[in-house]
Amino acid sequence: MFDLIVRNANLPDGRSGIDIAIARGKIAAIEKGIAASAGEEIDATDRLVSPPFIDPHFHMDATLSLGIPRMNVSGTLLEGIALWGELRPIVTKEELVERALRYCDLAVTQGLLFIRSHVDTSDPKLVTVEALLEVKDRIKPYIELQLVAFPQDGYYRAKDGVTALNRALDMGVDIVGGIPHFERTMEDGRLSVEALCRLAADRGLPVDMHCDETDDPMSRHIETLAAETIRHGLQGRVAGSHLTSMHSMDNYYVSKLIPLMAEAQINVIPNPLINIMLQGRHDTYPKRRGMTRVREMMVAGLNVSFGHDCVMDPWYSMGSGDMLEVGHMAIHVAQMAGIEDKRQIFDALTVNSAKTLGLQGYGLEKGCKADIVILQAADPMEALRLKPNRLAVIKGGKVIARTAPRIGELFLDGRPKSIDGGRDYVPKIQ
């Protein structure tokens, strides 16, 4: 007798007609035709069943703050940073907590159960840190939240930036962050990378840096980050987020840089929605796309995972908490439209991100935690195309969210009465 059985599931690896039996919060069996009963059964009806989506790069302290205290008129990165600088001194802990909790409600309905959020440490009052530590504790029954100490105004550039970041870590923030390209000089940026990696090594913490989020091909802090990762023995525990300058670098330099990153086992986190929106703003035409070299880094064996970054905040007025929207944009920007390409894109929203976050017990195998999502799609490629409804979101073997299937009614003579969100019109491949 199991607690729950999900039957007739299609899995991301191509297996179909699979039953998933769950007991005591873990996957007890995953195979065809499980001959057993359960307290509850869910028929997936040959739909895709996936492990939960993961957002490895987000800013929860700013989310849902769109229009406060004003709109980003230009829609640029620099105005967004300036606007956050206006909002940060006036925001209260209660506001931060309330907005973050509302976003987490949305995230659960989207099957997004793991989030790594950067939390700004530039204001020495650290209201943002206090708020997100409270949020982390309140949502832990259904979302695992990792926090990065992020010196938005610069580790050295901001007054008391060094002291404030150390205090944030002392308060319980999990990960060391940085933003070397925003320091006053390239040299200060290099020194900040060295200091922050040394700090992480001393404290036994991972590193996740906003790195080279610029169109400037001479912004090469990722090189320093990779070298310092090796120097301090942090291989596999360091992430370079954005890395948009790599889009503008010459190919010869990149041919040396990517092997260094691979040696350092850097986790790469592009943010397709934000990168395509904010980069290339100084270009007329030809106009750069802005996102980093995803395909080349995947080919080199680097672990690439995609972040949402922002939802309705000073930097990005759009967003829905849907990681499939992120993957959908990645397909277009990275020009990865092949069958294997799309599988890799889906992995970058799930299993690759689990590796970036160092998650244990994640996945669809016997013994893994019973955290799964049933989607109104047949396979990962269809999911990326449709961004479908999450029919059920299951955490620890318990359903914590449901969304009704998207069914369109038709009132046409001689035609069907309804059309199922995507299943009823897909081409029939012989």
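Residues numbered from 1 in each chain as written. Predicted model: local features only at pLDDT ≥ 70, side-chain atom pairs only at ≥ 80, totals over all residues. Heavy atoms only, no water.

## Some details on the pattern of salt bridges
One side chain can pair with another of opposite charge once the charged atoms of both are near each other. In this structure the tally under the stated criterion is 28 salt bridges. Residues Arg47 and Asp420 are paired through a salt bridge, measuring 2.7 Å at the closest nitrogen-oxygen approach. A residue pair is termed long-range when its members are at least 10 positions apart, and Arg47 in strand β4 (residues 38-50) and Asp420 in strand β17 (residues 418-420) qualify at 373 residues. What makes Asp420 buried here is its relative accessible area of 12%. Here Arg88 ties to Asp153 by a salt bridge, and the two come within 2.7 Å at their closest N and O atoms. Linking Arg88 in the loop between α1 (77-87) and α2 (93-109) with Asp153 in the loop between β7 (144-150) and α4 (161-171), this pair joins segments that are 65 residues apart in sequence. Overlapping salt bridges bring together Arg7, Asp19 and Glu41 as one network. (Salt bridge = Lys/Arg side-chain N within 4 Å of Asp/Glu carboxyl O. Helix = DSSP H or I, 4+ residues; strand = E, 2+ residues; numbered from the N terminus. Buried < 20%, exposed > 50% of the residue type's maximum accessible area, 1.4 Å probe, protein only.)

## A closer look at empty space enclosed by the protein
Inspection of every chain in the model, using the stated rule, returns 1 cavity of 30 Å³ or more. Size it by volume and the largest cavity reaches roughly 40 Å³. Residue classes in the lining of the largest cavity are distributed as 4 nonpolar, 3 polar and 2 charged. (1 Å grid on protein atoms, 1.4 Å probe; cavity = no way out; pocket = protein on both sides within 12 Å on 5 of 7 lines; lining within 4 Å. Points joined across faces, edges and corners; volume = space filled by probe spheres on them. Nonpolar A, V, L, I, M, F, W, Y, C, P; charged D, E, K, R; others polar.)

## Looking at the packing of aromatic side chains
Per the stated rule, a full pass over the model turns up 5 aromatic pairs. Look at Phe53 and Phe346: their rings are 5.9 Å apart centre to centre, the planes differ by 75°, and that puts the pair in the edge-to-face class. Highlighted residues: Phe53 in strand β5 (residues 53-58) and Phe346 in helix α11 (residues 339-347), separated in sequence by 293 residues. Neither residue differs from the other here; Phe53 and Phe346 are each classed as buried. Where Tyr155 meets Tyr156, the ring centres are 5.0 Å apart and the plane angle is 50°; that geometry is what we call tilted. Judged by its relative accessible area of 5%, Tyr155 is buried. One cation-aromatic arrangement involves Arg220 over Tyr253; the distance from NZ or CZ to the ring centre is 3.7 Å. (Phe/Tyr/Trp six-rings, centres within 6.5 Å; stacked < 30°, edge-to-face > 60°. Lys NZ or Arg CZ within 6 Å of the ring centre and 35° of its normal.)

## Points about helix α7 (residues 251-263)
Relative to the 18 Å expected for 13 residues at 1.5 Å per residue, α7 spans 19 Å between its end C-alpha atoms, a close match to the ideal helical length. Buried within α7 are the following residues: Tyr253, Val254, Leu257, Ile258 and Met261. Looking down the long axis of α7, one finds its buried residues gathered within 125° of arc, a one-sided arrangement. Across α7 from its buried face, at more than 90 degrees, point the exposed residues Tyr252, Lys256 and Glu263. Those residues of α7 that are buried are in contact with α6 (221-231), β11 (267-269) and α9 (294-299). Backbone nitrogen of Tyr252 and a side-chain oxygen of the N-cap are separated by 3.1 Å at the start of α7; the cap is Asp250. (Expected span 1.5 Å × (residues − 1). Arc of directions from axis to C-beta. Contact = heavy atoms within 4.5 Å. Polar contact = N/O pair within 3.5 Å; in protein donor to acceptor, adjacent residues only side chain to side chain.)

## So, the packing of α4 against helix α5 (residues 186-203)
Look at α4 against α5: their axes get within 13 Å of each other, and the N-to-C directions meet at 25°. As the angle between them shows, α4 and α5 are arranged roughly parallel. Crossing angle aside, the handedness with which α4 passes α5 is right-handed. For the pair formed by α4 and α5, the contact residues are Leu165, Asn166, Leu169 and Asp170 on the first element and Leu196, Leu199 and Arg203 on the second. For the contact of α4 with α5, the class distribution of residues is 4 nonpolar, 1 polar and 2 charged. (Axes fitted to C-alpha atoms, helices over the stretch in contact; angles between N-to-C directions. Parallel < 35°, antiparallel > 145°, perpendicular 65-115°, else oblique. Left-handed = near helix turned anticlockwise from the far one by under 90°.)

## Quick notes on the UniProt feature "domain: Amidohydrolase" (unreviewed entry) in the chain
Under the feature "domain: Amidohydrolase" (unreviewed entry), the UniProt entry names residues 40-400. A distance of 14 Å separates the end C-alpha atoms of residues 40-400, which is 39% helix and 18% strand. (UniProt positions renumbered as here; feature names shortened; annotations may be inferred.)

## Focus: the sheet that holds β4
Spatially, the 7 strands line up as an open sheet ordered β3-β2-β1-β4-β13-β14-β15, and their pairing is mixed. At either margin of the open sheet sits one strand with a lone partner, and together these are β3 (26-31) and β15 (398-402). The average angle at which neighbouring strand axes cross in this sheet is 25°, direction not considered. Pairing between β4 and strand β13 (residues 372-375): 2 bridges, direction antiparallel. Pairing of Ser50 across the sheet is with Val373, part of β13. (Pairing = 2+ DSSP bridges.)

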